[in-house]
Amino acid sequence: MPESDLSSRTVLVTGATSGIGYETARLLAERGATVLVHGRTAAESGAAADALVATAGIDAARLCTFAADFSRLEEVETMAARVVVEHPHLDVLVNNAAIAAPERHTVTADGNELAFQVNFLAHYLLTNLLERALTSDPGGRVVNVSSSLHRTASIQWSDPNRARRYSRLAAYAQSQLALTVFAADPRVTAVSVHPGICATDLLPLYAHDGATPAKGAANIVRLCDPAVEIVNGAYYDRDQRVEPAPGATEERTVKRLTKLADVLVHPEHLNA
């Protein structure tokens, strides 16, 4: 399929300062999209945008920088408010930002296990706060960058912060399962994708070597293209649609996760 021109599209990519997120921003901008480049700090997102202009020849007018530390939900809320004002019509949100869970059990200032908050809860909050912008025109969509490791996970409903039994791999996998389940939320059309095992900071969780981040990014960008039809809740392994973990798209599980996430992100943020 020939690549379509994305010049009428506005896409927000979280975690766009390195790895797959950076390459996703580059590929989208090269195809004409206006890209909202998110980084943990203004300095990081600014440096990423500068690098895209200097090394990839991207037109600076196509890039807008945003900053929020996802370990602080207040910053996610502030960023979302700015996005809505500056880009009231958003075509795609790529929920890509992710960290490997730390070796030791770590809790954020908001009271959540670090990987669960950065990889899932912050994206849950951001998606909800951007719902109006994503649905202002038909065709808005969300692409959750998940992982094949979601298949090894279970959501600890009574202890999502894993305070009782912590393992970094289990905590990371749980965050990816939650992101996969969240794609089936009916409020916004969304899919999740395992972009492939790539040579990024997360590689040690998977293997010793991996594909280039650009290769993984191509699997994400394909799902941002309006010419590619998607079904809400669908899961892709690279460029193939496959079934996610059993139960990941069950309505009961989706509702249960929504209920849990609404409590953990604190209602005052959701109603901002």
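This text goes with the structure placed above it.
It should be emphasised that the depicted structure is a prediction, and the values quoted were computed from it without experimental measurement. Along each chain, residue indices are assigned from 1 in the same order as the chain's sequence is written. Totals for whole chains, interfaces and linings use every residue, but because this is a predicted model, local features are given only for residues with pLDDT of at least 70 and side-chain atom pairs only at 80 or more, for both listing and counting. Remark: hydrogens and water are excluded; side-chain values derive from all non-hydrogen atoms of the structure.

Caption draft 1: The overall build of the protein chain, seen in detail. Helix and strand assignments follow DSSP, with helices taken as H or I runs no shorter than four residues and strands as E runs no shorter than two, numbered in order from the N terminus. The helix and strand inventory of the protein chain stands at 9 helices and 8 strands. The quantity called the radius of gyration is restricted to C-alpha atoms. Its globule counterpart is 2.2 Å times the number of residues to the power 0.38. Relative to its length of 272 residues, the protein chain is compact, with a C-alpha radius of gyration of 17 Å against a globular reference of 19 Å. Overall size of the protein chain, expressed as C-alpha extent along the three principal axes, is 50 × 40 × 35 Å. Any pair of residues with heavy atoms lying within 4.5 Å of one another is described as a contacting pair. Pairs at least 24 apart in sequence give 75% of the contacts found in the protein chain among residues at least 6 apart. The Shrake-Rupley method, run with a 1.4 Å probe, gives the accessible areas here. Residue values count only the displayed protein chains as cover. Per element, the accessible surface of the protein chain, about 11,800 Å² overall, is 50% carbon and sulfur. Charged residues are defined here as Lys and Arg on the positive side and Asp and Glu on the negative side; His and the ends of the chain fall outside this count. For the purpose of locating charges, the reference atoms are NZ of Lys, CZ of Arg, CG of Asp and CD of Glu. Of the side-chain charges in the protein chain, 24 are positive and 31 negative, and the distance between the mean point of each set is 6 Å.

Caption draft 2: Local environment of empty space enclosed by the protein. The method works on a 1 Å grid over the protein atoms by themselves. A cavity is a set of points holding a 1.4 Å probe that cannot get out, a pocket is an open set with protein on both sides within 12 Å along at least five of seven lines, and residues with an atom within 4 Å of a point line them. Grid points are joined across faces, edges and corners, and a volume is the space filled by probe spheres set on the points. Summed over all chains, the structure comprises 1 cavity of 30 Å³ or more. If you add up the space inside the largest cavity, you get close to 80 Å³. Considering the residues around the largest cavity, the lining is formed by Thr-127, Asn-128, Glu-131, Val-142, Phe-182, Asp-185, Arg-187, Val-188 and Ala-190. Counted by class, the lining of the largest cavity contains 4 nonpolar, 2 polar and 3 charged residues. Residue type decides the class: Asp, Glu, Lys and Arg count as charged, Ala, Val, Leu, Ile, Met, Phe, Trp, Tyr, Cys and Pro as nonpolar, and the leftover types, Gly among them, as polar.

Caption draft 3: Region of the structure containing helix 8 (residues 251–264). Expected span of a helix: the number of residues minus one, times 1.5 Å. Here helix 8 contains 14 residues, and its C-alpha end-to-end distance of 20 Å stays within 8% of the 20 Å for a straight helix at 1.5 Å per residue. Looking at the packing, one finds that the buried side of helix 8 touches helix 3 (73–86), helix 4 (114–129) and helix 6 (168–182). With its phi angle positive at about 70 degrees, His-266 sits one or two positions after the end of helix 8.

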